[in-house]
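Here's the letter readout for the chains.
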Amino acid sequence: MIVFLVIAQDNCHAQQVMSVTGTVIDQTTRNPVSILVSFYDRNNKKIGSSKSNSATGFYLVTGLKQGETYKVQLESSDFFKDEYDITLPVSKKYADVSRDFTVKPLVKGAKILLEVPPFELKKSKLRVGAEDYLADIKKMLVLNPGVSVEIQTFPDAEGDPAANEAFTMERAQAIKQYLIDNGVREQKLAVKASGQIDSVNPPPRYKTAKGKRYIGPIYIVITKV
């Protein structure tokens with residue numbers, strides 16, 4: 001969500017520029033971090049950059065044009081490189097735009113849970129709209145070519161371990177193939193299918209809310225940075 005504050009000026013021919021401000025925080029700890037925030041125009045020319053404050057996470061980049069679309073890059077040796085597109089609004093007056101970011105720690109062994117399962121209950125085929133849930137993982141791996149991961153999958157319920165493992169392997173392979181088809185090198189991807197339910201995030205013991213079903217958790221584990 002982009003929120004902008006318009007600052008009134010007496011000159012009716014106010015300069016058509018903008019500043020973008022916000023904070024950058026660690027996605028896992030929710031603490032502010034110091035990271036380089038750079039803005040690039042349509043020709044991939046760097047227009048401005050700012051290093052966020054380690055104590056507050058605050059950054060400020062100015063001299064940007066209204067109505068323009070910029071690519072924002074977030075870079076640090078301690079976090080995954082990330083990119084976003086921002087289109088600035090058009091205003092007759094000077095404006096500040098607020099945009100916050102989160103970054104993922106670049107740590108071997110870190111486990112990223114897919115918050116929204118890309119499968120239906122008891123299905124191993126990616127469901128409609130699964131690309132929206134996997135887009136962040138795909139981008140992370142494409143922008144960080146030195147990183148390798150393991151796709152870990154768990155079954156939806158207790159049952160025969162061999163059958164469960166075969167089922168969860170189909171899920172892991174479906175995710176792997178999607179990532180390969182979308183620009184991730186196969187050598188960066190490993191899979192690990194479990195025949196047992198996830199002991200960390202098991203099925204609920206009691207009946208859940210209507211329409212809410214337990215789907216076996218899926219983790220992306222960082223194996224190389």
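For clarity, every value in this text was computed on a predicted model and none was experimentally measured. Chains are numbered independently. Their residues run from 1 in the order of the written sequence. pLDDT decides what is reported in this predicted model: residues at 70 or higher carry local features, side-chain atom pairs at 80 or more are listed and counted, and totals for whole chains, interfaces and linings draw on all residues regardless. Hydrogens and water molecules were not included; the side-chain quantities draw on all heavy atoms of the structure.

(A) Region of the structure containing the overall build of the protein chain. Scanning the protein chain for helices and strands turns up two helices and 13 strands. Based on the C-alpha atoms only, the size of the protein chain along its principal axes is roughly 75 × 40 × 35 Å. Expressed as a percentage of its 225 residues, the buried residues of the protein chain come to 40%. Pairs at least 24 apart in sequence give 68% of the contacts found in the protein chain among residues at least 6 apart. Under the convention used here, Asp and Glu are negative, Lys and Arg are positive, and both His and the chain ends fall outside the count. Positions of charges follow a simple convention, taking NZ of Lys, CZ of Arg, CG of Asp or CD of Glu. If the 31 positive side-chain charges of the protein chain are averaged to one point and the 25 negative ones to another, these points end up 1 Å apart. Helical segments are the DSSP runs of H or I of at least four residues, strand segments are the runs of E of at least two, and each set is numbered from the N terminus. Buried, partly exposed and exposed residues are distinguished by accessible area as a fraction of the type maximum, computed with a 1.4 Å probe on protein chains only: under 20%, between the cut-offs, and over 50%, respectively. Throughout, a residue-residue contact means that at least one pair of heavy atoms, one from each residue, lies within 4.5 Å.

(B) Seen up close, the nonpolar core. Definition used in this section: a nonpolar core is a set of buried Ala, Val, Leu, Ile, Met, Phe, Trp, Tyr and Cys residues joined via side-chain atoms within 4.5 Å. One finds Ile137, Leu141, Ile175 and Leu179 to be the most contacted residues of the largest nonpolar core, which totals 21 residues. Mapped by element, the contributors of at least two residues to this core are helix 1 (130-143), strand 11 (148-153), helix 2 (161-181) and strand 13 (218-224). Here the element with the most residues in this core is helix 2; it accounts for five residues. Once residues within four sequence positions are removed from consideration, Leu141 is found in contact with Val147, Val149, Leu179, Val184, Lys188 and Leu189. Ranked by size, the runner-up nonpolar core spans 20 residues in total, among them Tyr59, Leu74, Phe79 and Phe101.

(C) Broad picture of helix 1. Helix length check: helix 1 (14 residues) gives 20 Å between terminal C-alpha atoms against 20 Å at 1.5 Å per residue, within 8%. The angle separating two fitted axes, one through the seven residues that finish at a residue and one through the seven that start at it, defines the bend at that residue. A maximum bend of about 35° is found in helix 1 at Asp136. For helix 1, the elements touching its buried residues are strand 7 (79-87), strand 10 (111-113), strand 11, helix 2, strand 12 (189-193) and strand 13. To estimate the expected span of a helix, count its residues, drop one, and scale the result by 1.5 Å.

(D) Looking closely at the side chain of Asp26. Following the sequence through the fold, Asp26 ends up in strand 2 (residues 17-26). Whenever a carboxyl oxygen of Asp or Glu lies within 4 Å of a side-chain nitrogen of Lys or Arg, that contact is scored as a salt bridge. Notably, Asp26 is buried but unbridged: the nearest opposite-charge side chain belongs to Arg30, and the N-O separation is 7.2 Å. What qualifies as a polar contact is a pair of N or O atoms within 3.5 Å, subject to a donor-acceptor requirement within protein and to the restriction that residues adjacent in sequence count only when both atoms come from side chains. A distance of 3.2 Å separates the side chain of Asp26 from the backbone nitrogen of Thr29, its partner in a polar contact. Every residue in contact with Asp26, bar those within four places of it in the chain, is listed here: Asn31, Val33, Phe79, Val103 and Pro105.

(E) Representation of helix 2 within the structure. Between the first and last C-alpha of helix 2 there are 30 Å, a value that for 21 residues agrees with the 30 Å anticipated at 1.5 Å per step. Asn164, Phe167, Thr168, Arg171, Ala172, Ala174, Ile175, Lys176, Tyr178 and Leu179 are the residues of helix 2 that are buried. Turning to helix 2, the residues buried within the fold contact helix 1, strand 11, strand 12 and strand 13.

(F) Spatial organisation of the pattern of salt bridges. Using the criterion set out here, one finds six salt bridges in the structure. Ionic pairing is found between Arg127 and Glu120, a salt bridge with its closest N-O pair at 3.9 Å. For Arg127, a relative accessible area of 23% gives the class partly exposed. With a shortest N-O distance of 3.8 Å, Lys176 and Glu186 are connected by a salt bridge. One end of the pair, Lys176, is in helix 2; the other, Glu186, is in the loop between helix 2 and strand 12, and ten residues separate them in sequence. Residue Lys176 is classed as buried on the basis of its relative accessible area of 13%.

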